[in-house]
Amino acid sequence: MIQFIDTHTHLDGTEFDADRDEVMERARAAGVSKVFLPAIDLKSVETVLAVSRKYEGYAYPMIGLHPEEVGADWENVLHRMREYIVPGHPFIAIGEVGLDFYWTRDNEREQLAAFERQVEWSVETRLPLMIHCRKAQNEMVAVMRRYQNELPGGVFHCFTGNEKEAEQLLEFQNFVLGIGGVLTFKKSHLPEVLPASVPLSRIVLETDSPYMAPVPKRGERNESAYVEFVLKRLAEAYGVEDEEVARQTNENVERVFRIG
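Given the structure is predicted, the values throughout are model-derived calculations rather than measurements.

A. Spotlight on the overall build of the protein. Counting its secondary structure elements, the protein contains 9 helices and 8 strands. Principal-axis analysis of the C-alpha atoms gives the protein an extent of 45 × 40 × 35 Å. The buried share of the protein, taken over its 260 residues, is 57%. The long-range share in the protein, meaning contacts at least 24 apart out of those at least 6 apart in sequence, stands at 75%. By element, 48% of the accessible surface of the protein is carried by carbon and sulfur atoms, the whole surface being about 11500 Å². Side chains of the protein give 29 positive and 43 negative charges; the mean places of these two sets differ by 1 Å.

So this is what it looks like as structure tokens:
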């Protein structure tokens, strides 16, 4: 069986409380060899850790403050999160972090400050970044360029942009684009954009479950097993075998996250 990795899934969420064991079994049966779980706030650090302990060697935790969760107390939240990152910690990345100006820019200053603080964590700890960016690529890039030569790498999660945006992001060495269910949507331009501007050596697979389920599961709760549909559509877009996409994206995961 082909083996591949879901690099971004919120399997710690309450959406999976009733059938998490079954969801994990379906993922394994589909060929998913590992799942990576981002934290989004202080509470989710504990739920991500709990799920990763229960499925040790299969589920791997990240730690970070999601931009939509940045509030007036963001400095205190980050201070408390930072206390988790001690010698022997289990985290594989700083995430899910970033900028999101889709709904509002009212807290733009706080988002920028929180993001930069966590970029600094990545430099200090050598943990890669798992970056969420929506309607904020220019601002995100401006922050990251200040640390460009020091960053260990990471993932630009849920990439849905054009060729120019892809090329700008790929200027960051050892960063890759996270590709999920949007690739399979009927109106998506990704099947044309990606082969034209992004080598397979700069892509990893993800679901972002329970959100953004791919075709033919669109509208349902997403889960890690469905990353298989993303892999198949990616292989079709690049004109290669499914096995080649699995092999290359697995290598990319190992390079960025240093997990064999």
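B. Up close: the packing of helix 3 (residues 74-82) against helix 4 (residues 108-125). Following both chains from N to C, one finds helix 3 and helix 4 inclined at 15°, their axes separated by 10 Å at the closest point. If you check the angle between helix 3 and helix 4, you find them roughly parallel. The element helix 3 and its partner helix 4 pack so that their crossing is right-handed. Residues Trp74, Glu75, Leu78, Met81 and Arg82 of helix 3 pack against Glu110, Ala113, Ala114, Arg117, Gln118, Trp121, Glu124 and Thr125 of helix 4. Across the contact of helix 3 with helix 4, the residue classes break down as 6 nonpolar, 2 polar and 5 charged.

C. Looking closely at unusual backbone geometry. That bond from serine 209 to proline 210 is cis: its omega, 15°, falls within 30 degrees of zero. By secondary structure assignment, the location of proline 210 is in the loop between strand 8 (203-205) and helix 8 (227-238). Here the amide bond leading from valine 215 into proline 216 is cis, since omega sits at 15°, within 30 degrees of zero. One can find proline 216 in the loop between strand 8 and helix 8. The backbone of asparagine 174 sits at a positive phi, close to 65°, despite the residue not being glycine. When you line up the elements, asparagine 174 lands in the loop between helix 6 (163-169) and strand 7 (175-179).

D. The sheet that holds strand 5 (residues 129-134), seen in detail. The 5 strands lie next to each other as 4-5-6-7-8, forming an open sheet whose pairing is parallel. The open sheet is flanked by strand 4 (94-100) and strand 8, the only strands paired with a single partner. If you compare each strand with its neighbour and ignore which way they point, the axes differ by 30° on average. Bridge count between strand 7 and strand 8: 3 bridges; the pairing is parallel. When the bridges of strand 8 are listed, leucine 177 appears paired with isoleucine 203.

E. Representation of the environment of valine 51. Note on placement: valine 51 falls in helix 2 (residues 42-54). Along the sequence, valine 51 and glutamine 168 sit 117 residues apart, while their C-alpha atoms lie 35 Å from each other. With residues near it in sequence (within four places) discarded, valine 51 still touches Leu11, Asp12, Arg20, Met24, Leu37 and Ala59.

F. Examining the sheet that holds strand 2 (residues 32-37) more closely. Overall, parallel pairing links the 3 strands, which are arranged 1-2-3 in an open sheet. Each edge of the open sheet is held by one strand with a lone partner, namely strand 1 (4-6) and strand 3 (59-61). Taken pair by pair, the neighbouring strands of this sheet meet at an average axis angle of 20°, ignoring direction. Pairing analysis gives 3 bridges linking strand 1 to strand 2, with the strands arranged parallel.

G. Highlighting the packing of aromatic side chains. For the structure shown, the criterion picks out 7 aromatic pairs. Ring centres of phenylalanine 172 and phenylalanine 175 lie 6.1 Å apart, and the angle between their planes is 70°; this geometry places the pair in the edge-to-face category. Just as phenylalanine 172 is buried, phenylalanine 175 falls in that class too. Grouped by ring-pair contacts, the aromatic residues Phe36, Tyr60 and Phe257 constitute a single cluster. The lysine or arginine in question, arginine 134, covers the ring of tyrosine 102, its NZ or CZ lying 4.2 Å from the ring centre. Taking NZ or CZ as reference, arginine 218 lies 3.6 Å from the ring centre of phenylalanine 185, over its face.

Rules of the game
Residues numbered from 1 in each chain as written. Predicted model: local features only at pLDDT ≥ 70, side-chain atom pairs only at ≥ 80, totals over all residues. Heavy atoms only, no water. Helix = DSSP H or I, 4+ residues; strand = E, 2+ residues; numbered from the N terminus. Buried < 20%, exposed > 50% of the residue type's maximum accessible area, 1.4 Å probe, protein only. Contact = heavy atoms within 4.5 Å. Areas by Shrake-Rupley, 256 points an atom, 1.4 Å probe, with all protein chains shown as cover. Lys, Arg positive; Asp, Glu negative; His and termini not counted. Charge placed at Lys NZ, Arg CZ, Asp CG, Glu CD. Axes fitted to C-alpha atoms, helices over the stretch in contact; angles between N-to-C directions. Parallel < 35°, antiparallel > 145°, perpendicular 65-115°, else oblique. Left-handed = near helix turned anticlockwise from the far one by under 90°. Nonpolar A, V, L, I, M, F, W, Y, C, P; charged D, E, K, R; others polar. Pairing = 2+ DSSP bridges. Phe/Tyr/Trp six-rings, centres within 6.5 Å; stacked < 30°, edge-to-face > 60°. Lys NZ or Arg CZ within 6 Å of the ring centre and 35° of its normal.

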